[in-house]
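Close look at the chain arrangement
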Amino acid sequence: MTCIWNKNIKNFQKRFSALYDLYKNEILKFEKSFSYDVNTIPFWKVFPAKNGELTASENNLTLHSSYNPSREAAGINANISEVKNIIFLGFGLGYHVVSAAKEIIRQNKNQKLILIESDINHLLASFCILDWEEVFSIENLIIAVGCPVNQIIPLIENKNQISTADSGCSNAFIFMQQSFIMHDQNYFSAVKNLLERNKTKNKINSATFKKFAKLWQRNSIFNLEQIKKNQTVNNFCSNIKPFYVNNISQKKGFIVIAAGPSLQHILPHLKELKKTNVLISVETALPALLKYDVEPDFILLTDPQYWAYRHIASSKSKESILIAPISVHPAVFRFDCKKILLCSDMIPVGTYFEKQTEPFGDLGAGGSVASCAWNLAKNLGATDIYFAGLDLSFPTKETHIKGSSAEQTIHTVSSRINTAEKLSTNTIYSANAVYAKTYEDQNVLTDSRMKMFAWWFESSIAASTQIKNYSLCKESMKIPGVEFMDVQSLLSQKDTGFRKDFDTALLKNNFISKIDDNLFEQLQKDFINCKRNLNQLVNKAVELSIINQDDLDKKLKNIIAELEQNPLYDLFRLGFSNELTAAQNFLEIQKLLF
């Protein structure tokens, strides 16, 4: 087996030199102990199959067929032809991986092959059994060995574009066999759960885009001039952070304020807390804050709907900085506040201008505006983040804090037949209501949407270990990685001077956009040309689909290839569905966008 081992480990070192260097000591130790005789591998019992190929068992479970391992492995090939990503959670001796690699080469498709293994020794053991030459020849090959669970998704999904139901984890064949994962079942189960959660998130992204595509596009085009009027979040952060971020011993506290029912207990203390911490509020909570004469430092509004603007429509907050993407309702930019900052957008209209200039500031897309608030605190250099009103559940069977605009809307639209109580109950039980645990270890009612938001916080917090996270509300749903802190404990903490440094930094910032009139006019002309080209190509495809000639599929593929070269291609991609034919997709996208 030395010949196979030498060939595989040489190819591994050539292809993944950094990974080889990372595990060099383990590789040398394995080579010395086991590579000369596979029967000495401690976790496998290797034996010949009926056809003469080697197979093995681990923990009394057979890893591959005892008759013909290669033929058994070839059975997966029918499942991988139409997907972009092929993901293996464990792979035993590697028969399935080699078979998949041969199929990718045969089809000559640009597919990504992703191998996930928690233990380096299991990967090295497979190098002793089979020739992995075809595997190492795959251009888009990723080997994630010993990779932390929360870093798996970036290997699969493109961080520079929105993942939908037809991309990333959702456009993948995931192979997980019980016998392959028994050596570290907790790790692989966590990865599998993460993949499933991201599939759900991608479905939400697709549904959201299809629901709001026209609204997003209309708002964004109407708001284009805001790009030259307002500073971006990225530019703002880079301007103010140098005034305080280098003081390592200084605690930098940020309070993220959501509009959950438990916020009622924190409201009386926020004015005092603002003296030592920075307040970041979602727009829904603003009316409740203003009733207590509290103007937050930042207000986040990311929803493009008119109803989101209604949350702040009758208010003013002259001490607050409003943060929004250009896809929000145009009236948002008339809000009476200190200044407005632009953040990055989900819609390709905003991303087009970012690519031509610089990123506005990605605050993430966890589905909840509170997740954007957490990201803002992180980008501003937070060391400690405190959640107020982030219940992600329905304490006392209520949806929002009393006095919030969301709660008032329910009373506004209620009637004798559809009472406020009935409308609230419908909201609570409309998305698979389940019970979860609070910070007091008590049951609290939540639903699948809230659990998705909680998972986003859990994964983001796990990836940012330098930040301590606390909930000021013990009746909220417990998020792993977040500890409960009583509000009195926070009030009694010593002032480290951060708030003074932060206010000084704000005074030094000029809030001026980097994009001048000349640059903006040129960008606007280029955008109009790209949009016109996109419209023409889609309309041409629709006309061809109606005529329906014999070479229709070939012509539509050529049009898609042209669309991929357009900087606004994402407008097309986000509306595309693998469940429809190319002709059906063009018809749907024409209705959706044009």
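Residues numbered from 1 in each chain as written. Predicted model: local features only at pLDDT ≥ 70, side-chain atom pairs only at ≥ 80, totals over all residues. Heavy atoms only, no water.

1. What about the sheet that holds strand β7 (residues 172–175)?
Note the cut-off: Two strands qualify as a pair provided DSSP detects at least 2 bridges between them. Runs of E in the DSSP output that reach at least two residues are strands. Runs of H or I that reach at least four are helices, and both are numbered from the N terminus. The axes are straight lines fitted to the C-alpha atoms, using for helices just the contacting stretch, and the angles between their N-to-C directions are given from 0 to 180°.
A sheet is described by the order of its strands in space; here 4 strands give the open sequence β6-β5-β4-β7, paired in parallel fashion. With partners counted over all chains shown, the strands left at the sheet margins are β6 (141–145) and β7, one partner each. Each strand axis lies, on average, 15° off the axis of its neighbour in the sheet, ignoring direction. Where strand β4 (residues 85–89) meets β7, 4 bridges bridge the pair, whose relative direction is parallel. Paired with Ile87 across the two strands is Ile174, which belongs to β7.

2. Section: the pairing of strand β1 (residues 45–48)
Bridge analysis of β1 against strand β2 (residues 54–58) gives 4 bridges, and the strand direction is antiparallel. Bridging from a neighbouring strand, Phe47 pairs with Thr55 of β2. Counted along the chain from β1 to the antiparallel partner β2, the turn is 5 residues long, and its residue Gly52 has a positive phi close to 100°.

3. Remarks on the sheet that holds β1
Taken together, the 3 strands give an open sheet; going across it, the order is β1-β2-β3, and neighbouring strands pair in antiparallel fashion. The open sheet has two edge strands, β1 and β3 (61–62), and neither has a second partner. Examined bridge by bridge, β2 and β3 share 2 bridges and lie antiparallel to one another. Bridge pairing in β3 links Glu58 to Leu61.

4. A few points about the pairing of strand β10 (residues 278–282)
This is how it is decided: Relative accessibility thresholds used throughout: buried, under 20% of the residue-type maximum; exposed, over 50%; partly exposed, between the two (1.4 Å probe, protein chains only). Crossovers are described as right-handed under a simple rule: with the strands pointing away from the observer, the path leading from the first strand over the helix to the second runs clockwise.
Counting buried positions along β10 gives 5 out of 5 residues, so the element sits mostly inside the fold. What you see with β10 is no split at all: Val278, Ile280 and Val282 on one side and Leu279 and Ser281 on the other are buried throughout. Relative to β10, strand β9 (residues 253–257) runs parallel, the two sharing 4 bridges. Pairing of Ile257 across the sheet is with Ser281, part of β10. Sheet analysis places β10 next to strand β11 (residues 298–300), joined by 3 bridges and oriented parallel. Across the sheet, Val282 pairs through a bridge with Leu300, a residue of β11. For the handedness criterion, the β-α-β arrangement of β10, helix α15 (residues 286–291) and β11 is classed as right-handed.

5. Quick word on the pattern of salt bridges
Selection rule: What counts as a salt bridge is simple: a side-chain nitrogen of Lys or Arg found within 4 Å of a carboxyl oxygen of Asp or Glu.
Here the structure, examined in full by the defined rule, presents 15 salt bridges. Asp131 serves as the salt-bridge partner of Lys7, at 2.8 Å between the closest nitrogen and oxygen. You can see Lys7 sitting in helix α1 (residues 2–15) and its partner Asp131 sitting in the loop between α7 (120–127) and α8 (133–136), a full 124 residues away along the chain. Using a relative accessible area of 33% as the deciding quantity, one classes Lys7 as partly exposed. On the accessibility criterion, Asp131 (30% relative accessible area) is partly exposed. Among the salt bridges present, the one from Asp293 reaches Lys271, with a minimum N-O distance of 2.7 Å. In this pair, Asp293 is assigned in the loop between α15 and β11 and Lys271 in helix α14 (residues 270–273), connecting sequence segments 22 residues apart. A relative accessible area of 45% places Lys271 in the partly exposed class. Each of Lys7, Asp131 and Glu133 takes part in a single network of salt bridges with overlapping partners.

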